[in-house]
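Okay, here's what each chain looks like letter by letter:
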Amino acid sequence: MTRYKADANYVRRLDGEDKLARFRKQFHIPKMKSGDDCIYLCGNSLGLQPRGVEAALKQELDDWKNLGVEGHFHAKHPWLPYHEPLAQLAAGVVGATPSEVVMMNGLTVNLHLMMVSFYRPTPERHKILIEGNCFPSDRYAVESQIRYHGFDPKTALLELKPREGEATLRMDDVETFIEKEGSGIALILIGGVHYYTGQFYDLARITKAGHKRGCVVGFDLAHAAGNVPLELHDWDVDFACWCSYKYLNSGPGAIAGCFVHERHAKSFGLPRFAGWWGHDKSVRFKMGPDFHPMEGADGWQLSNPPILSFAASRASLELFREAGMDRLREKSEKLTGFLEFLLKEMRVPGLQILTPSKPSERGCQLSLTMAEGGKRVFDVLTSTGIICDWREPDCIRVAPVPLYNSFADVFSFARIFGAAVGGSAKPKVAM
Ligand SMILES: *Cc1c(COP(=O)(O)O)cnc(C)c1O
């Protein structure tokens, strides 16, 4: 049932037929010392810079230079309502209505702000459920929230662990766990796509299972936003947070995103940490003493936002609108499927792909482990101009992203990987 072929003409044909191929030209591809393009497969860690970002930043610098404070109203993109078109663009990526989305702060900050409102533990129901081996920042954040409320993470933090000998979670097990433990769980907070294994969980199913047992359900979409199809509104997710510097290509430390479901748009009674930018904007500048939050996600804003970061984010998100998540996903499945095919074709002894093989259970990333010598292979890749990443203890993460990676990138990676593992593992394919 081979859909793919490991030959150079075939690869050229795939790239020739790729309707999104033109987007690669919209990005700066890092170069090797030789002047050739690197093979960049690290968009899961830091997305590349869209060419439009420089002009977008220059526009804001010029408007600041020429208009000073008047830029709030008279900049080409007035600063005061700048977050509104941005929220609209981001909403398209995560499957939300614009009023459910706000761009603000950093990811971990937003997780905390969301937990202030949505983690409301009681003695009977105070646990938080996370995925096992979760990203350290998320763990630090939830543990600190648990302690802040006077509970002990040793008993209040529950983790979903794969079965013995397996790398990823089975959704049936997740559902069963929630069914069983749900009455003690205040909050389910799971990374939509696992940063290490690349597993894309069934978020609709988790949400449904959680709600059935009375839990609040939120997601960390750091590795999901811009990578996999999301329908946060329709799935009825309570809240979600994501960063914009990974698949969303908005630059190092870029402004993060936050989703609050419409159901909570007018939940003014929820505890929340307040700031003037979350105050009713029609009277914000009356500078009154009483806080009246705006409806929707906007009501969680604290500070007036960093316009330079917004500008980069906007330039990047416009590319997502242009390309469309549907088309990106279609290419992504094909691109990652091709990578998987080539890796399997090589029959490297000891090579394991941790990421699920079903396209619906993963994004673009494949996580590879080797029985031995993984770090050495990774170092060879790096010295040959391949940029992917190494995650302790033993994982090489490879992420061909559909916006700027080509089938030729994937093919070159496989060829170099094959050479790096060496010996009997040489690719059996004509490259
Ligand atoms: C990348 C990532 C983070 C990083 O958090 P910041 O606050 O943006 O530094 C947090 N959680 C997950 C799951 C991540 O993948």
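Presented here is an overview of the structure given in this document.

Here we take up the site of the ligand. In the neighbourhood of the ligand, the contacting residues comprise Leu107, Thr108, Phe135, Asp138, Asp220, Ala222, His223, Cys243, Tyr245 and Lys246. Thr108 is positioned such that a nitrogen or oxygen atom in its side chain is 2.6 Å from an oxygen atom of the ligand. When the ligand is considered free in solution it has 390 Å² of accessible area, and contact with the protein chains removes 83% of it. For the shell around the ligand, a count of residues per class yields five nonpolar, two polar and three charged.

The next thing to look at is the pattern of salt bridges. Across all of its chains, the model carries 28 salt bridges by this definition. For Arg22, the salt bridge goes to Glu322, with nearest N and O atoms at 3.5 Å. Here Arg22 is found in the loop between helix H1 (8–17) and strand E1 (39–40), whereas its partner Glu322 is found in helix H11 (residues 307–323), with 300 residues between them in sequence. Judged by its relative accessible area of 41%, Arg22 is partly exposed. Linking Glu179 and Lys212 is a salt bridge whose minimum nitrogen-to-oxygen distance equals 3.4 Å. Here the residue Glu179 occupies a position in helix H8 (residues 171–181), and Lys212 occupies one in helix H9 (residues 203–212), the gap between them amounting to 33 residues. Because the salt bridges share partners, they merge into one network encompassing Arg139, Glu143, Arg147 and Glu159.

In the structure shown here, the tally under the stated rule is zero disulfides. You can see Cys42 has no disulfide; the closest cysteine sulfur is in Cys388, sitting 6.9 Å from it. Judged by its relative accessible area of 6%, Cys388 falls in the buried class.

Right, let's talk about helix H14 (residues 407–421) for a bit. End to end, H14 covers 21 Å across 15 residues, agreeing with the expected 21 Å (1.5 Å per residue, within 8%). Most of H14 is tucked away, with twelve of its 15 residues classed as buried. Of all the residues in H14, the buried ones are Phe407, Asp409, Val410, Phe411, Ser412, Phe413, Ala414, Ile416, Phe417, Gly418, Ala420 and Val421. Gly422 lies just past H14 and shows a positive phi near 70 degrees.

What counts and how
Residues numbered from 1 in each chain as written. Predicted model: local features only at pLDDT ≥ 70, side-chain atom pairs only at ≥ 80, totals over all residues. Heavy atoms only, no water. Near = heavy atom within 4 Å. Polar contact = N/O pair within 3.5 Å; in protein donor to acceptor, adjacent residues only side chain to side chain. Areas by Shrake-Rupley, 256 points an atom, 1.4 Å probe, with all protein chains shown as cover. Nonpolar A, V, L, I, M, F, W, Y, C, P; charged D, E, K, R; others polar. Salt bridge = Lys/Arg side-chain N within 4 Å of Asp/Glu carboxyl O. Helix = DSSP H or I, 4+ residues; strand = E, 2+ residues; numbered from the N terminus. Buried < 20%, exposed > 50% of the residue type's maximum accessible area, 1.4 Å probe, protein only. Disulfide = S-S within 2.5 Å. Expected span 1.5 Å × (residues − 1).

Worth remembering: the numbers are spatial, not functional.
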